[in-house]
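Given next are the chains, with one letter for each unit.
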Amino acid sequence: MPGIIHIQTIASTIFFLLYSITILGLVLVIITENRNPLKTIPWVVVLLLAPGVGLIFYFFFGQDNRKQRIISRHTYKRITKRLQEGRFPQDVCAVPEPYKVLSTLLTNSNQSSLLYGTRITVYTNGTDKYRDLLAAIGQATHHIHIQYYIFCDDEIGRQVQQLLIRKAREGIKVRVLYDDVGCWNVKDRFFKEMQAAGIEVHAFLRVAFPKFTSKVNYRNHRKIAVIDGKVGFMGGMNIADRYAKGTAWGTWRDTHFKFEGKGVHGLQASFLIDWYVVSKQLLDDACYYPAARVYGDNIMQIVTCSPAGQWRTLLQACIFAISNAKRYIYIQTPYFLPTEGLNQALQTAALGGVDVRLMLPKRSDAHSVNMASHSFIDEMVKAGVKVYFYQPGFLHSKLIVTDDALTSIGSANMDFRSFEHNFEINAFVYQQEFALRMKQIFLQDAQHCECLVPSRWLKRPVKQRLAESFMRLFSPLL
């Protein structure tokens, strides 16, 4: 018996030593990766204070894949080269002077071409968006490309699915991309029905143990539809009933856009790059980029960001736009967990006399994220940022508009996850007319908001503020 106890003691000691070495080794790896300290510290704290849970969470959510390439430079250039064809002379694509540096930044860090003359239709409700999306799909004659973070098996999802199946049986080439994590609660048979009809369907970065387990934290949050290379849709709405019918506790306020013209080519390139990642099919034929009509004088750049690659392009662009605003900055976002650079940019702009307005949902679909967001609002209101809480339901719109000149629209939220973990897509539009349109939509939404009173906000219960501050510690991981 003493011998058995002795062996158990030795075994326990060895296990403890190996476990400790593993945890300390991970801490050392995290530190030497030279990440943002705001992200490093929470991981170190979790690993040291709750090593068992921390080890599991790090394995699934913490590994840094930014140095990995998901697509070769050569393949990327082959897919995007079509964007350079049929370009307008430089004097036609003249970006307004204050934003020439921004356009250069987006070109250098993201190879984002200047796209001229796109017609943009704005949707502020799901009913109108789905009506036009279904109509465009129904009119397809060559190909249909669909990419959504969430593609639900509900009434709206079934309508889209059945129409895609019908078009595939008519001989139209249909390709569908969905995010594996975003569609975890969708049964496989929903997508297999499409495959049986001849539709090519792929899950993006499928999470399968153990190979892709570390990829669970890196999700494709883009919402793109391209029909015949002539009509495109992008924005904040997925394929699900709630975007049209709302939730049990209110309406779902979102924004989506239809592109016609050159801007569609930018959406096409983004889709085909993601398609290559999951299928290894290189689609760079001219038929996917048909000659584009000119619908107006706007100029835009389609900008993507992902956890792979050297630059956090969308974060850099947002900080630039905020830092260079002279009169106003209006922002809508469902989740507000800003990086330190973004936090400082907003405060600096407000303290400098710029009219900074931030619109958030009064009630969120993610309670922990909402609590963490509230801790950042203290600093905003102290700096003079005007904060609005949207009351009728959930605000899911993503918008930045500044100085009646620049507008950023797309899928990215103003949080760590969108800027550092997700695959996102935004359009930067350089045009006064469009900026004024989006500004007016913001002001209309503001009529349905509670304007935060700083003196009351800063006096909320201490218990609530402590809980919010605690959740803020984990904001880089939420």
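Calculation notes
- Residues numbered from 1 in each chain as written.
- Predicted model: local features only at pLDDT ≥ 70, side-chain atom pairs only at ≥ 80, totals over all residues.
- Heavy atoms only, no water.
- Buried < 20%, exposed > 50% of the residue type's maximum accessible area, 1.4 Å probe, protein only.
- Helix = DSSP H or I, 4+ residues; strand = E, 2+ residues; numbered from the N terminus.
- Arc of directions from axis to C-beta.
- Contact = heavy atoms within 4.5 Å.
- Pairing = 2+ DSSP bridges.
- Axes fitted to C-alpha atoms, helices over the stretch in contact; angles between N-to-C directions.
- Core = buried A, V, L, I, M, F, W, Y, C linked by side-chain atoms within 4.5 Å.
- Phe/Tyr/Trp six-rings, centres within 6.5 Å; stacked < 30°, edge-to-face > 60°.
- Expected span 1.5 Å × (residues − 1).
- Polar contact = N/O pair within 3.5 Å; in protein donor to acceptor, adjacent residues only side chain to side chain.
- 1 Å grid on protein atoms, 1.4 Å probe; cavity = no way out; pocket = protein on both sides within 12 Å on 5 of 7 lines; lining within 4 Å.
- Points joined across faces, edges and corners; volume = space filled by probe spheres on them.
- Nonpolar A, V, L, I, M, F, W, Y, C, P; charged D, E, K, R; others polar.

A. Focus on helix H8 (residues 188-196). Of the residues making up H8, those classed as buried are Phe 190, Phe 191 and Met 194. Around the axis of H8, the buried residues are gathered within 85 degrees of arc, so they sit on the same side. Along H8, exposed side chains directed more than 90 degrees from the buried face belong to Lys 192 and Ala 196. In this structure, the buried side of H8 is in contact with helix H7 (155-169), strand S4 (173-179) and strand S5 (200-204).

B. Examining the sheet that holds strand S19 (residues 424-430) more closely. Strand order in the open sheet formed by nine strands is S1-S10-S19-S17-S16-S11-S13-S14-S20, and the pairing between neighbours is mixed. This sheet does not close on itself; its edge strands, each paired only once, are strand S1 (115-116) and strand S20 (449-451). For strand S16 (residues 399-402) and strand S17 (residues 406-410), the ladder comprises four bridges, and the chain directions are antiparallel. Bridge pairing links Val 401 to Thr 407 in S17. Against the sheet, helix H15 (residues 432-446) engages strand S11 (328-332), strand S13 (355-361), strand S14 (386-390), S16, S17, S19 and S20, with an angle of about 65 degrees to S11.

C. Molecular detail of the sheet that holds strand S2 (residues 119-123). Strand order across the open sheet formed by seven strands is S2-S9-S7-S6-S3-S4-S5, with mixed pairing between neighbours. Strands with a single pairing partner mark the edges of an open sheet, and in this sheet they are S2 and S5. Within the sheet, the average angular offset between the axes of one strand and its neighbour, ignoring direction, is 15 degrees. Two elements, strand S3 (residues 143-148) and strand S6 (residues 224-227), share four bridges in a ladder whose sense is antiparallel.

D. Region of interest: the nonpolar core. Of all hydrophobic cores here, the largest spans 95 residues; its most connected members are Phe 151 and Leu 164. Leaving out residues up to four positions away in the same chain, Leu 164 has contacts with Ile 137, Ile 144, Ile 146, Phe 151, Val 174, Val 176, Met 194 and Ile 199. Core analysis: the second largest hydrophobic core is formed by 30 residues, Phe 257, Ala 427, Ala 435 and Met 438 among them.

E. A look at the packing of aromatic side chains. Taken as a whole and judged by the stated rule, the model has 17 aromatic pairs. Seen from their ring centres, Tyr 178 and Phe 191 are 3.7 Å apart, and the 5 degrees between their planes marks the pair as stacked. Taken together, the positions of Tyr 178 in strand S4 and Phe 191 in helix H8 put the pair 13 residues apart, joining distant regions of the chain. Judged by its relative accessible area of 6%, Tyr 178 falls in the buried class. Ring centres of Phe 190 and Phe 191 lie 5.2 Å apart, and the angle between their planes is 80 degrees; on these two criteria the pair is classed as edge-to-face. Given a relative accessible area of 0%, Phe 190 falls into the buried group.

F. Local environment of H15. Look at H15: 21 Å from first C-alpha to last across 15 residues, which is about the 21 Å you get at 1.5 Å a residue. Every buried residue of H15 is accounted for by Phe 434, Ala 435, Met 438, Lys 439, Ile 441, Phe 442, Asp 445 and Ala 446. Seen from one end, H15 has its buried residues packed into an arc of 160 degrees, which puts them on one side. Set apart from the buried face of H15 by more than 90 degrees, the exposed residues are Gln 432 and Glu 433. The opening residue of H15 is Gln 431, an N-cap whose side-chain oxygen sits 3.4 Å from the backbone nitrogen of Phe 434.

G. Looking closely at the side chain of Gln 161. With respect to the element layout, Gln 161 can be found in helix H7. Among the residues examined, Gln 161 registers a relative accessible area of 0% and is labelled buried. A distance of 2.7 Å separates the side chain of Gln 161 from the side chain of Gln 162, its partner in a polar contact. Those residues in contact with Gln 161 that lie beyond four places of it in its chain are Phe 151, Phe 190, Glu 193 and Met 194.

H. Looking closely at the environment of Met 438. Along the chain, Met 438 falls in helix H15. Residues Met 438 and Thr 402 lie 36 residues apart in sequence; the distance between their C-alpha atoms is 9.9 Å. Not counting residues within four places of it along the chain, the set of residues in contact with Met 438 comprises Val 122, Thr 255, Phe 257, Leu 399 and Thr 407.

I. Up close: the pairing of S17. Of all five residues making up S17, five are buried, and the element is well covered by its neighbours. Side chains Leu 406, Ser 408 and Gly 410 project from S17 onto one buried face, and the interleaved Thr 407 and Ile 409 project onto a second face that is buried too. Hairpin connection from S16 to S17: three residues lie between these consecutive antiparallel strands, with Asp 403 at a positive phi of about 55 degrees. When S17 meets S19, the two strands line up antiparallel, connected through five bridges. Each bridged residue has a counterpart across the sheet, and for Ile 409 the counterpart in S19 is Ala 427.

J. Molecular detail of empty space enclosed by the protein. Going through the model one piece at a time under the given rule, you end up with two cavities of 30 Å³ or more. Here the largest cavity defines a volume of roughly 90 Å³. Lining the largest cavity are 13 residues, with Lys 398, Ile 400, Ala 412, Met 414 and Asn 426 positioned closest to its centre. Elements that contribute at least two residues to the lining of the largest cavity include exactly S11 and S16. Of the voids in this model, the second largest cavity is the one considered here, and its volume is about 30 Å³. Lining the second largest cavity are Pro 334, Tyr 335, Phe 336, Leu 360, Pro 361, Asn 370, Ser 373, His 374 and Phe 389. Mapped by element, the contributors of at least two residues to the lining of the second largest cavity are S13 and helix H13 (367-383). If you tally residues by element for the lining of the second largest cavity, the top one is H13, at three residues. Residue composition of the lining of the second largest cavity, by class: six nonpolar, three polar and no charged.

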